[in-house]
Amino acid sequence: MSKHVVILGAGLAGLSTAYHLGNGCQVYEREDVPGGLARTDMVDGFTFDYDGHLLHCRSEYIDSLITRLLPGVFVRHKRNAAVFSQGVYTRYPFQANTFGLPSTVVKRCIMGMVN
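Residues numbered from 1 in each chain as written. Predicted model: local features only at pLDDT ≥ 70, side-chain atom pairs only at ≥ 80, totals over all residues. Heavy atoms only, no water.

## Comments concerning the pairing of strand β1 (residues 5–8)
What counts here: Whether two strands pair comes down to DSSP finding at least two bridges between them. Under the scheme used here, helices are H or I runs from DSSP no shorter than 4 residues and strands are E runs no shorter than 2 residues, and both carry numbers assigned from the N terminus. Handedness of a crossover: with both strands directed away from the viewer, a clockwise path from the first strand across the helix to the second marks it as right-handed.
Relative to strand β2 (residues 25–28), β1 runs parallel, the two being bridged by four bridges. For Leu8, the partnering residue across the bridge sits in β2 and is Tyr28. Since β1 and β2 lie parallel, the crossover through helix α1 (residues 12–21) that links them has a hand, and here it is right-handed.

Right under this line is the structure:
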């Protein structure tokens, strides 16, 4: 039995799903162009970015897929950000890098994630 797959939204997740499922998918997008929140629109000579267009690739597969499908579109940027809290600089993302923070703050972060 064959299945018909309909994907609502041509953002990064919808386009990736269609790509990985292959032929037979139908992608529907309410906007005139694909891209979702990772899109740039030009209006009357002004550029509007819907998002920061930053992809945090932690997988070699995803990195190579983007490079292969969209050659020359993305620029690599090494993230070097920190959050200053409780007298300590904590690497971004804060929730994953709690080393050095007071144990009460670490506990609150973990409990917040659990909840």
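## Notes on helix α2 (residues 60–69)
Quick reminder of the rule: Residue exposure (1.4 Å probe, protein chains only): buried if accessible area is under 20% of the type maximum, exposed if over 50%, otherwise partly exposed. Note: the arc covers the axis-to-C-beta directions of the helix. Any two residues whose heavy atoms approach within 4.5 Å are treated as being in contact.
For α2, the complete set of buried residues consists of Asp63, Leu65 and Ile66. The buried residues of α2 all sit within an arc of 165 degrees when viewed along its axis, so they share a single face. For α2, the exposed residues set more than 90 degrees away from the buried face come down to Glu60 and Arg68. Contacts made by the buried residues of α2 are with α1.

## Quick word on the pattern of salt bridges
Test applied: Each reported salt bridge corresponds to a side-chain nitrogen of Lys or Arg within 4 Å of a carboxyl oxygen of Asp or Glu.
As enumerated under the stated definition, the model contains two salt bridges in all. Arg39 is the partner of Asp41 in a salt bridge, and the nearest nitrogen-oxygen pair spans 3.4 Å.

## A short note on a nonpolar patch on the surface
Put simply, the test is: Grouping into patches uses exposed residues only, defined as over 30% relative accessible area, and leaves out salt-bridged ones; the cut-off is 9 Å for like charges and 5 Å for nonpolar side chains (Val, Leu, Ile, Met, Phe, Trp, Tyr). The accessible surface values rely on the Shrake-Rupley method and a 1.4 Å probe; as for residues, cover is taken only from the protein chains in view.
A contiguous nonpolar surface patch, about 780 Å² in accessible area, is contributed by Leu12, Tyr19, Leu55, Tyr61, Ile62, Leu69, Leu70, Val73 and Phe74. Broken down by secondary-structure element, the contributors of at least two residues to the nonpolar patch are α1 and α2. The greatest single-element share of the nonpolar patch, amounting to three residues, is contributed by α2. Note on placement: Leu70 falls in the loop between α2 and β5 (82–85).

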